[in-house]
Amino acid sequence: MDKAKPFCIAKREVWEAYKRVRANRGAAGIDGQTIAEFEEDLSNNLYRIWNRMSSGSYLPPPVRRVEIPKGDGRTRPLGIPTVSDRIAQMVVKRQLEPKLEPLFHEDSYGYRPGRSAHQALSVARSRCWRSDWVLDLDIKGFFDNIDHELLMRAVRRHTDCKWVLLYIERWLKAPVSMPDGVLLKREKGTPQGAVISPLLANIFLHYAFDRWMQENYPGIRFERYADDVICHCTSERQVRELKQALEARFAACKLELHPQKTKIAYCKDAKRRGDYPEWRFDFLGYTFRPRRAMTRTGKLFVNFAPAVSDQAGKAMRQTMRRWKLHHRSDLELGDIAQWVQPVLRGWVQYYGRFYRSALGAALRTLDHFIVRWAQRKYKRLSGRTMRAWDWLNGLRARQPGLFAHWLVASPVGR
């Protein structure tokens with residue numbers, strides 16, 4: 001530790017931050033430098049980050065803006081910092097997160113150690129069984145519209161560390177480099193994709209929503225995953241009152257609830273037969289709605305439950321089409337399986353947690369592409385669709401783990 005530096009930041013902290021960033025991988029920032037290229041001169045690059053942060057001279061470079069496709073055909077803007085900047089942000093995150101974690105609400109699940117989307121979904125499912133009504137909140141452009149002054153006021157309540165406050169303010173003000181090279185100044189918001197942004201989002205909503213709910217509506221339970229929020233109410237009157245109150249609350253925090261996407265839903269099932277216009281909602285890539293289920297004794301009934309959303313299913317099918325497997329007759333089947341398996345496994349692990357049969361239906365598209373591939377690859381199957389399906393089903397019976405979706409999808413008929 002260099003005592004001449006105005007800020008006491010241990011070199012070890014920069015090293016630990018680098019290891020976390022390396023494990024998370026990520027794309028290159030505005031300088032085009034990848035993690036592999038950063039590591040070609042690792043020692044000097046890490047020293048440079050430590051030296052500048054410790055001296056107070058670290059200035060974050062602009063954030064590279066990219067547009068990520070969403071399932072509905074639109075895009076979500078992400079801000080990609082450079083590798084060096086991600087490491088610097090991780091240094092601050094590691095300093096601040098242990099102070100904030102114990103304060104966060106038990107029903108806040110997003111981007112927190114030891115918590116997951118599946119936990120939030122499981123709790124939401126059980127609460128939908130107990131409460132008849134849901135308020136599905138959509139905060140319009142949340143990450144792009146966070147008020148800097150309110151955010152810094154929240155951060156200052158939990159730390160007086162000068163370098164932490166200094167660098168958070170600099171990151172909030174760092175310009176955005178658009179795809180055409182234009183630099184945009186930022187007066188509000190924190191870019192999705194930045195290492196520090198999820199923690200800043202959580203502390204903002206801790207005060208804007210979590211604590212406010214605890215103080216004003218302690219009897220209403222909710223699940224929040226970053227800015228995705230579900231509230232459970234016992235009556236139509238209560239849910240409408242809550243919606244009105246939250247519109248005013250978010251307006252006071254300089255945010256807006258999306259007028260079309262924020263909606264009230266009735267948790268309809270076999271016992272709840274009320275005739276209401278909205279009886280479904282989406283949360284974390286799953287659609288909650290009435291679904292057929294079976295009791296332990298084999299009796300069918302209607303349950304209100306989550307399954308992979310139509311939007312997520314559409315996005316998966318679009319991805320599979322982009323693979324164009326049926327044109328890859330130059331590859332062997334094992335090569336194709338190895339190529340697509342990591343993506344399939346990720347889908348199954350996330351979307352297969354609840355009501356797996358719905359995911360299986362979404363992923364059957366891949367079987368159609370494999371059959372078309374086989375008809376191009378093998379002369380004996382060319383033009384013989386029924387025989388190609390028999391070949392596929394036989395292969396599936398012999399090697400059920402060859403493609404991850406075969407574990408959740410029932411066989412396709414001829």
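> What is the right way to look at the pattern of salt bridges in this model?
Any two side chains of opposite charge can pair, so long as their charged atoms come close to each other. Here the structure, examined in full by the defined rule, presents 24 salt bridges. Through salt bridges with shared partners, one network takes in E106, D107, R127, R221 and E223.

> I'm lost on the sheet that holds strand β4 (residues 176-177) in this one. Help?
In spatial order, the strands read β2-β1-β4-β5; together these 4 strands make up an open sheet with mixed pairing. At either margin of the open sheet sits one strand with a lone partner, and together these are β2 (75-80) and β5 (183-184). Note that β4 and β5 share 2 bridges and pair antiparallel. For V176, the partnering residue across the bridge sits in β5 and is L184.

> Even after reading the chapter, I still don't get the packing of aromatic side chains, so can you show me in this structure?
Counted according to the given criterion, the structure contains 26 aromatic pairs. For the pair W323 and W347, a centre-to-centre distance of 6.0 Å together with 20° between the ring planes defines the contact as stacked. With W323 in helix α11 (residues 310-323) and W347 in helix α12 (residues 333-351), the pair connects residues that are 24 residues apart, well separated along the chain. Note on W323: relative accessible area 13%, which makes it buried. Judged by its relative accessible area of 13%, W347 falls in the buried class. With 4.8 Å between their ring centres and 90° between their planes, Y350 and Y351 make a pair best called edge-to-face. The structure contains a cluster of three or more aromatic residues connected by ring pairs, namely Y286, Y350, Y351 and F354. Directly above the ring of W50 sits K11, whose terminal nitrogen or CZ lies 4.7 Å from the centroid.

> Is there a simple way to think about helix α8 (residues 162-173) in this case?
An α-helix turns once every 3.6 residues. As a result, residues three or four positions apart point the same way. Between its terminal C-alpha atoms α8 stretches 17 Å, which fits the 16 Å expected from 12 residues at 1.5 Å a residue. Listed in full, the buried residues belonging to α8 are W163, V164, L165, Y167, I168, W171 and L172. Summarising the contacts, the buried residues of α8 are in contact with α3 (42-55), α4 (83-100), α7 (148-156) and α9 (197-216).

> What exactly am I supposed to notice about the packing of α3 against α4 here?
A packed helix pair is summarised by two numbers, namely the angle formed by the two axes and the spacing between the axes. Following both chains from N to C, one finds α3 and α4 inclined at 55°, their axes separated by 10 Å at the closest point. As summarised for this structure, α3 and α4 are arranged oblique, according to the angle between their axes. Helix-helix and strand crossings are classified by hand; for α3 and α4 the assignment is right-handed. Touching L46, I49 and M53 of α3 are S84, I87, A88, V91 and V92, all from α4. Of the residues in the contact of α3 with α4, the class split is 7 nonpolar, 1 polar and no charged.

> When you look at the environment of W133 in this model, what are you seeing that I'm missing?
Tracing the backbone through its elements, the reader meets W133 in strand β3 (residues 133-138). Classification of W133 as buried rests on a relative accessible area of 6%. Separated by 226 residues in sequence, W133 and L359 place their C-alpha atoms 26 Å apart. The residues contacting W133, other than those within four sequence positions of it, are C231, H232, C233, T234, S235, E236, V239, I264, A265, Y266, C267 and Y276.

Parameters and conventions
Residues numbered from 1 in each chain as written. Predicted model: local features only at pLDDT ≥ 70, side-chain atom pairs only at ≥ 80, totals over all residues. Heavy atoms only, no water. Salt bridge = Lys/Arg side-chain N within 4 Å of Asp/Glu carboxyl O. Pairing = 2+ DSSP bridges. Helix = DSSP H or I, 4+ residues; strand = E, 2+ residues; numbered from the N terminus. Phe/Tyr/Trp six-rings, centres within 6.5 Å; stacked < 30°, edge-to-face > 60°. Buried < 20%, exposed > 50% of the residue type's maximum accessible area, 1.4 Å probe, protein only. Lys NZ or Arg CZ within 6 Å of the ring centre and 35° of its normal. Expected span 1.5 Å × (residues − 1). Contact = heavy atoms within 4.5 Å. Axes fitted to C-alpha atoms, helices over the stretch in contact; angles between N-to-C directions. Parallel < 35°, antiparallel > 145°, perpendicular 65-115°, else oblique. Left-handed = near helix turned anticlockwise from the far one by under 90°. Nonpolar A, V, L, I, M, F, W, Y, C, P; charged D, E, K, R; others polar.

These results come straight from atomic positions and should not be treated as a statement about function.
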